[in-house]
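# Analysis of the macromolecular model
Listed below are the residues making up each chain.
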Amino acid sequence: MCEPMDKSERTTAVEVCSLCKVFTDPKREEIRAVDGISFECYQGEIFGILGPNGAGKTTLLRLIATILAPTSGSARVCGYDVVNEPDKVKRTIGFLSGSTKLYARLTPLETVRYFGRLYGMEKSLIKKRSREIFEVLGMETIRDRQLGKLSTGEKQKVSIARSLIHDPPVLILDEPTAGLDIVSSKAIINFIRSARQESKTIILSTHYMTEAEEMCDRIGLINRGRLTAMGTTDELLSASGTSSLTEAFFHYLSGNGE
Amino acid sequence: MKLRNVKVIFLKEMLETLRDKRTLMVMILGPVLVYPVLILAFSQMQSIQETRLRERPTTVYLLERRSWPKLKKALAEEPALRVVETTESRLKNENDVLVKFDSRRAKEENREIPSVVLTYRQTNVHAEKGKERVLAALEKYARKVASEKVELSKGERYVYPLIIEENNLSSPSERLRSVLAMTLPMILVLMTIAGAMYPAIDTTAGEKERGTIETILASPAGRDEIVYGKFLSVFLICIATGLLNLVAMSLTFVHVLGGVSESIVRVSSVALVLVSLVPLAVLFSALMMAVSTYARTFREAQNYVTPIYLLCLIPAMMSVQRGFELNDFLCLVPVINMSLFFREVMEGSYIARHILLVFASTSVYASLALRAAVKLFRDENALFSLEKPFALFVRRRVLRAKPNPSLGEAVFACMLVFILFYYVSPGFQGVSIGGRSFVWGTMLSEWLLILLPVLLFARYLKVDFRNTFSFRKFSPVHVFAVLLMFVGSFFLLLELAVLQKHFIPAPVEFSEKLTAGLKRADFWLAVMAIAVSPAICEEIMFRGFVLAGFGKFSRWPRILINGILFGLYHLLLFRMLPTAFLGVVIAFLVVYSGSIFPGMLFHLTNNFVGLAVIYFSTESAAFFKEIGLGENAADWFEGKVHLPWFLLVASAAVLFAGAALTWRFRPREKRSSAGETADSTPGQVSNEEEIQQR
């Protein structure tokens, strides 16, 4: 799987190759949070990662985002290696997860500016970009209020603005709609779709089957740190002989996919 | 590392901190309000007190019925004194003064003025004032008598009674300055440290708690850039707090004391204090950041930082201690050096060498603390807090077996033993060292207050005993190494005891009492208590449990910290240096031999020889003479004289040879197939098979 696959002419944006992450907990012995996962994402596709809690989704995404260092294996984002060129990898991805919260005492504008500067952007570019994003997400009215006083949905919008400021070709979104109401999650889903329109590559982890079914081009099922199945929704359904993604999910979870 | 990113992070941290009310309270409101209120209240209270003192007359009880009518009259004529004759030789009221004339001695010596005995309570301000008034009245009378005598004798030689006039050279401003020079450094040091406390926690543990750490880690900012940016903001707030305190303090004095203040608040000394605040601020910003990076929540970080702050209280208070002066060695001790140095500066008596030493040493500590903070920020375990905090009062059934105790558990064990030893041990030892049950008490303390709690705690935690306490086989070479290291360290330890006396002299009665306490006991009983018991119990505690708990540290920090803890445990400041050195040597032995037994052997030999020399002090003095060590040898053991340098060099060489031997024959570490993760406990994983083959 690590060799380039000529399945289509599409270019590979993210390439994960037998990635492993082992945590040593002093009380237990070893936890293999990510245990030899390999997959590829093509440019312009939405790749969904599905799995129960504790399956290793977040660790996998953190590894790709270079927040954690892999124990073994490798991953490349737009051709940059996560171990050897973490700086370049960080510049090409926008990372958003449930644990990437924002500074409560800054305003949305200050937040976006701050991260823009850390990405090494020019002031004029930051200004232009932030104006665009704020307009698209409809947050001009809240841009000068301190984040601590905003609602959950508004905060999530700021997080999205933060992850988009440097216009990354790859987006890594860890449960972007978790804990949001229907209106806010609809806005997020719209945003993800529009990002694909701009031919961005998106890796998305989620709990919601419908969300995965609606949005993702391909889905990877993860359980106990291993990739148990991968393919389009239809491929997964036919391979497991089930009629819905939820059923397919339980089918693979019970170990039938091995 | 890109400076641009450091700057961006620094500016953002500053903005965030300045928007936080809590930081501003500590930083600005604290000094701006506290000093004026404190000083004004204090000085006003004092003036009120003084007026009250002046207005209130002193009641003087005269314990004399018959003689000295003139003197009595003189006293009674004083407006501020109210003389009452009494027959009771006891003071009824705390405020009063009792005066007794000793006529017998005056008659014997044929004097016209009696000896006067004043009885009063010094701690009572009224009585103290009363004493001064009585003395003044007596002096006035003595002068009068003397001048009358001169007239009577008409030119003949006459011996005046001794009249003493005090001529205090220090002006009131100087006296005030010395008082302020003693108290202000402590306040300044503590306020500055307090300034760093809140932002240090907020930017590290606070960030973790609020879940923003992953956001910043996902950005291209490097971990060192993040740490330095944060550190700069913490440092700036810390130094700003110090500066504000200094300014508020100075202005308050100028305002309250007027002209007097000029000599206290000299621009040059304020500037020097400010400059020397820099290394202190660097040290504490870095230290508190490093400590709070380890915590996962704000509260947890506060729990870690508060003890550090409290620990600083003691050295900071050293500036209040009269007679405790800054010397070259103390320049190297953190916090103490700062507060004593500030005092020197404020007294205007600083030495250039001290400035240099204080600066250099504090900078070294600060850079170490900063390095630790960066290291922790690179450590995924610390950053994402995978390690569970140590939980007390958890059902043992719930705990899982594990190879080693954690850091928190080792620190807890230390505290437990310190506390037990401090509060219970004196009871065992018959309160004082010279007490009858000293030897028995020491033995009981070792077994019941050290060994028993540690073993129970280790059992409760389900740690692997063999691994935690290094109950492993060792190479016979290590026995030889122990002997070499013992011989080498023996004289070095004696020299260290001498060096130690230069800054904290041991009370003379201590060693005398110790010797007396020991000699009262049977020799072999003393050996059991002083040599065998510590070699087993203290080793199991320090080189077993504690050393294993610090397993995550790399070797040398682990060995050094172990030595310092061992030195601290002895609770005797004047034994700190030699015991810490002993701890380092033994920890080295245990880490590099992979077994606790060489450590026990070393401890046993060391204590046994030391005990024998004390127990048979007369015989041993004769023995030293015989083998040609000369008369000095006996003095060496009492730490009276420095040892000859050639002996020290030779000792160091022997110690080094022993250490090198230990190192050379260290057990090879097992390479686990899991790779880097198995390397987390260096020195703990030993390959037994290899030793057996040898």
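Residues numbered from 1 in each chain as written. Chains lettered and ligands numbered in written order. Predicted model: local features only at pLDDT ≥ 70, side-chain atom pairs only at ≥ 80, totals over all residues. Heavy atoms only, no water.

## Concerning the overall build of chain A
Note the cut-off: Strands are runs of DSSP state E lasting at least two residues, helices are runs of H or I lasting at least four, and both sets are numbered from the N terminus onward. Only C-alpha atoms enter the radius of gyration, while the globule expectation follows 2.2 Å times N to the 0.38, with N the number of residues. All accessibility values rest on the Shrake-Rupley procedure with a 1.4 Å probe; residue burial counts only the protein chains present in the view. This count recognises Lys and Arg as positive and Asp and Glu as negative, with His and chain-terminal groups excluded. To locate a charge, the coordinates of NZ of Lys, CZ of Arg, CG of Asp or CD of Glu are taken.
Looking only at helices and strands, one finds 9 helices and 10 strands in chain A. Taken against the 2.2 N^0.38 rule, which gives 18 Å for 258 residues, the C-alpha radius of gyration of chain A at 18 Å falls within 12% of a compact globule. Expressed along its principal axes, the backbone C-alpha trace of chain A runs to roughly 55 × 45 × 40 Å. Accessible surface, chain A: about 11,300 Å² in total, of which carbon and sulfur atoms supply 48%. Between the averaged position of the 34 positive side-chain charges in chain A and that of its 33 negative side-chain charges there is a distance of 9 Å.

## Some remarks on the sheet that holds strand 3 (residues 97–102) of chain B
Sheet strands pair by backbone hydrogen bonding; their relative direction is either parallel or antiparallel. All names here are of chain B. Which entries qualify depends on this criterion: Here the rule is simple: two strands pair whenever DSSP picks up at least two bridges between them. Helix axes are fitted only over the stretch in contact, all axes being lines through C-alpha atoms; the angle between N-to-C directions runs from 0 to 180 degrees. We call two residues in contact when some of their heavy atoms are within 4.5 Å.
Pairing within the open sheet is mixed, and its 4 strands lie in the order 2-1-3-4. Each of the sheet's edge strands pairs with one partner strand only, and the pair in question is strand 2 (81–85) and strand 4 (115–119). Mean inter-strand twist for the sheet, computed between neighbouring axes without regard to direction, equals 30°. Two strands pair when backbone bridges link them, and strand 1 (residues 58–62) and strand 3 are joined in this way by 3 bridges, in the parallel orientation. What sits directly across from L62, in strand 3, is V99. The strands that helix 3 (residues 69–77) touches are strand 1, strand 2 and strand 3; relative to strand 2, the one it contacts most, it runs at about 140°.

## Let's talk about the pattern of salt bridges
For clarity, the cut-off: For this document, the term salt bridge refers to a Lys or Arg side-chain nitrogen within 4 Å of an Asp or Glu carboxyl oxygen. The buried label applies to any residue whose accessible area, calculated with a 1.4 Å probe on protein chains only, is under 20% of its type's maximum; exposed applies above 50%, and partly exposed to all values in between.
A full pass over the atoms with the stated rule returns 30 salt bridges over all chains. Salt-bridge contacts for R105 of chain A lead to D202 of chain B; the nearest nitrogen and oxygen are separated by 2.7 Å. Separated into two different chains, R105 of chain A in the loop between strand 6 (93–96) and helix 3 (108–118) and D202 of chain B in helix 6 (residues 172–209) make up a pair that spans both. Take R105 of chain A: its relative accessible area is 13%, and that puts it in the buried class. The exposure class assigned to D202 of chain B is buried, which follows from its relative accessible area of 5%. For D144 of chain A, the salt bridge identified is with R143 of chain A, shortest N-O distance 3.5 Å. Bridged by salt links that share partners, the residues K128, R129, E132, D167 and K200 of chain A form one connected network.

## A few points about the packing of helix 4 (residues 123–137) of chain A against helix 5 (residues 152–164) of chain A
Residue and element names in this part refer to chain A. Let me state the cut-off plainly: Helix crossings are classified by the rotation of the near helix relative to the far one: an anticlockwise turn of less than a right angle makes the crossing left-handed, while a clockwise turn makes it right-handed. Only Asp, Glu, Lys and Arg are considered charged in this grouping, and only Ala, Val, Leu, Ile, Met, Phe, Trp, Tyr, Cys and Pro are considered nonpolar; every other residue, Gly among them, is considered polar.
Following both chains from N to C, one finds helix 4 and helix 5 inclined at 145°, their axes separated by 10 Å at the closest point. Regarding helix 4 and helix 5, the two cross each other, and that crossing is right-handed. Facing helix 4, whose interface residues are R129, I133, F134 and L137, helix 5 presents K157, I160, A161 and L164. Across the contact of helix 4 with helix 5, the residue classes tally to 6 nonpolar, no polar and 2 charged.

## Points about the packing of helix 3 of chain A against helix 4 of chain A
Residues and elements named next belong to chain A. Quick reminder of the rule: In what follows, roughly perpendicular refers to angles from 65 to 115 degrees, roughly parallel to angles under 35, roughly antiparallel to angles over 145, and oblique to any angle outside these ranges.
Contact pair helix 3 / helix 4: the axes reach a minimum separation of 10 Å and the direction vectors enclose 135°. The angle between helix 3 and helix 4 places the two elements in the oblique class. Helix 4 is crossed by helix 3, and the crossing has right-handed handedness. Residue-level inspection shows P108, L109, V112, R113, G116 and R117 of helix 3 in contact with helix 4, the latter providing K123, I126, S130 and F134.

## Focus: the packing of aromatic side chains
All names here are of chain B. Note the cut-off: A pair of aromatic rings is counted whenever rings of Phe, Tyr or Trp (Trp by its six-membered ring) have centres within 6.5 Å, and the orientation is called stacked for planes under 30 degrees apart, edge-to-face for over 60 and tilted otherwise. A ring is considered to have a charge above it if a Lys NZ or an Arg CZ atom is located within 6 Å of its centre and within 35 degrees of its normal.
For the structure shown, the criterion picks out 30 aromatic pairs over all chains. Where F542 meets F566, the ring centres are 5.2 Å apart and the plane angle is 80°; that geometry is what we call edge-to-face. Residue F542 is located in helix 21 (residues 523–549), and its partner F566 is located in helix 22 (residues 555–569); the two are separated by 24 residues in the primary sequence. For the residue pair F542 and F566, the accessibility class agrees, reading buried in each case. Ring-pair connections join several aromatic residues into one group, and the members of that group are F412, F457, Y460, F465, F469, F471, F474, F545 and F597. Cation over ring: R664 sits above F665, and NZ or CZ is 5.6 Å from the ring centre.

## Remarks on helix 23 (residues 576–593) of chain B
All names here are of chain B. Which entries qualify depends on this criterion: Expected helix span is taken as 1.5 Å per residue step, with the number of steps being one fewer than the number of residues.
The end-to-end C-alpha distance of helix 23, which contains 18 residues, comes to 25 Å, matching closely the 26 Å that a straight helix rising 1.5 Å per residue would cover. Of all 18 residues that make up helix 23, 15 are buried, and the element is covered over most of its length. Phi for G594, located one or two positions after helix 23, is positive at around 75°.

## Regarding the sheet that holds strand 9 (residues 218–223) of chain A
All names here are of chain A. Read from one edge to the other, the open sheet built from 6 strands follows the order 6-7-8-3-9-10, with strand pairing classed as mixed. Each having just a single partner strand, strand 6 and strand 10 (226–231) make up the two edges of the open sheet. Averaged over all neighbouring strand pairs, the angle between strand axes comes to 15°, with direction disregarded. Sheet topology places strand 7 (residues 170–174) next to strand 8 (residues 201–206); 5 bridges connect them, and they run parallel. Counterpart to D174 in the pairing with strand 8 is S205. Along the sheet, helix 6 (residues 182–197) makes contact with strand 3 (46–50), strand 7 and strand 8, crossing strand 8 at roughly 155°. Along the sheet face, helix 8 (residues 233–240) touches strand 9 and strand 10 and points at about 110° away from the line of strand 10.

## Some remarks on the interface of chain A and chain B
In many analyses, interface size is given as the accessible surface area lost on bringing the parts together. Put simply, the test is: Under the rule applied, a polar contact is a pair of N or O atoms within 3.5 Å (in protein, one hydrogen donor and one hydrogen acceptor; residues adjacent in sequence only if both atoms are side-chain atoms).
Contacts between the two partners involve 39 residues from chain A and, on the opposite side, 37 residues from chain B. Applying the counting criterion to the chain A and chain B interface returns 4 salt bridges. Here chain A and chain B share 12 residue pairs in polar contact (both at pLDDT 80 or more) between them. Listed by contribution, the elements that provide at least two residues to the side of chain A that touches chain B are strand 1 (12–24), helix 2 (86–92) and helix 3 of chain A. Ranked by the residues each element gives to the side of chain A that touches chain B, the list is headed by helix 3 of chain A, at 5 residues.

## A few points about the pairing of strand 6 of chain A
Residues and elements named next belong to chain A. Residue alternation in strand 6 divides its side chains into two sets, I93 and F95 and G94 and L96, and both sets are buried. Summarising the sheet, strand 6 and strand 7 pair through 4 bridges and their orientation is parallel. The residue bridging F95 from the neighbouring strand is I172, located in strand 7.

## A closer look at the side chain of H478 of chain B
All names here are of chain B. If you trace the backbone, H478 turns up in helix 19 (residues 476–501). Of the residues examined, H478 reaches a relative accessible area of 1% and is grouped as buried. At 3.4 Å, the side chain of H478 forms a polar contact with the backbone oxygen of F665. Among all residues touching H478, those that are not within four sequence positions of it are Y592, S593, P598, T662, F665 and R666.

## So, the state of the cysteines
Inclusion rule: Note on terminology: disulfide denotes any pair of cysteine sulfur atoms within 2.5 Å.
Counted according to the given criterion, the structure contains 0 disulfides over all chains. Residue C20 of chain A stays outside any disulfide, its sulfur separated by 11 Å from that of C17 of chain A, the closest cysteine.

## Some thoughts on the environment of D328 of chain B
Residues and elements named next belong to chain B. In this fold, D328 is placed in the loop between helix 11 (298–317) and helix 12 (336–347). Judged by its relative accessible area of 34%, D328 is partly exposed. On a C-alpha basis, the gap between D328 and R353 in space is 8.3 Å, while along the polypeptide they are 25 residues apart. With near-sequence residues (within four places) excluded, D328 lies in contact with R353, H354 and L357.

## A closer look at the nonpolar core
Which entries qualify depends on this criterion: What we call a nonpolar core is a set of buried Ala, Val, Leu, Ile, Met, Phe, Trp, Tyr and Cys residues that are connected through their side-chain atoms within 4.5 Å.
In this structure, V14, F39, L60, I64, I192 and I203 of chain A together with F284 of chain B are the most contacted members of the largest nonpolar core, which totals 152 residues. The element best represented in this core is helix 6 of chain B, accounting for 13 residues. Once you skip the residues sitting within four places of it in the chain, F284 of chain B turns out to touch I193, A196, I308, C312 and V335 of chain B. Within the second largest apolar cluster, 54 residues are counted, among which are V417, L493, L582 and V590 of chain B.

## Remarks on helix 3 of chain A
Residues and elements named next belong to chain A. Within helix 3, 9 of the 11 residues are buried, which leaves the element mostly enclosed by the surrounding structure. Looking at helix 3, one finds that the buried residues are P108, L109, E110, T111, V112, Y114, F115, G116 and L118. Once helix 3 ends, the next one or two residues include G120, with phi positive near 75°.

## Some words on a positive patch on the surface
How we decide: Patches in this entry comprise residues that are over 30% relatively accessible and not in a salt bridge; like charges within 9 Å are linked, as are nonpolar side chains (Val, Leu, Ile, Met, Phe, Trp, Tyr) within 5 Å.
A cluster of basic residues, R113, K123, K127 and R131 of chain A together with K2, R4 and K7 of chain B, forms a positive patch on the protein surface. With 3 residues, helix 4 of chain A is the single largest residue contributor to the positive patch. Looking at the element boundaries, K127 of chain A is found in helix 4. By relative accessible area, K127 of chain A is classed as exposed at 54%.

## Some thoughts on the environment of Y365 of chain B
Residue and element names in this part refer to chain B. Positionally, Y365 belongs in helix 13 (residues 352–378). Its relative accessible area of 28% is what places Y365 among the partly exposed residues. Considering only alpha carbons, one finds Y365 and L287, 78 residues apart in sequence, at a separation of 9.0 Å. Residues within four places of Y365 in sequence aside, it is in contact with L283, L332 and P334.

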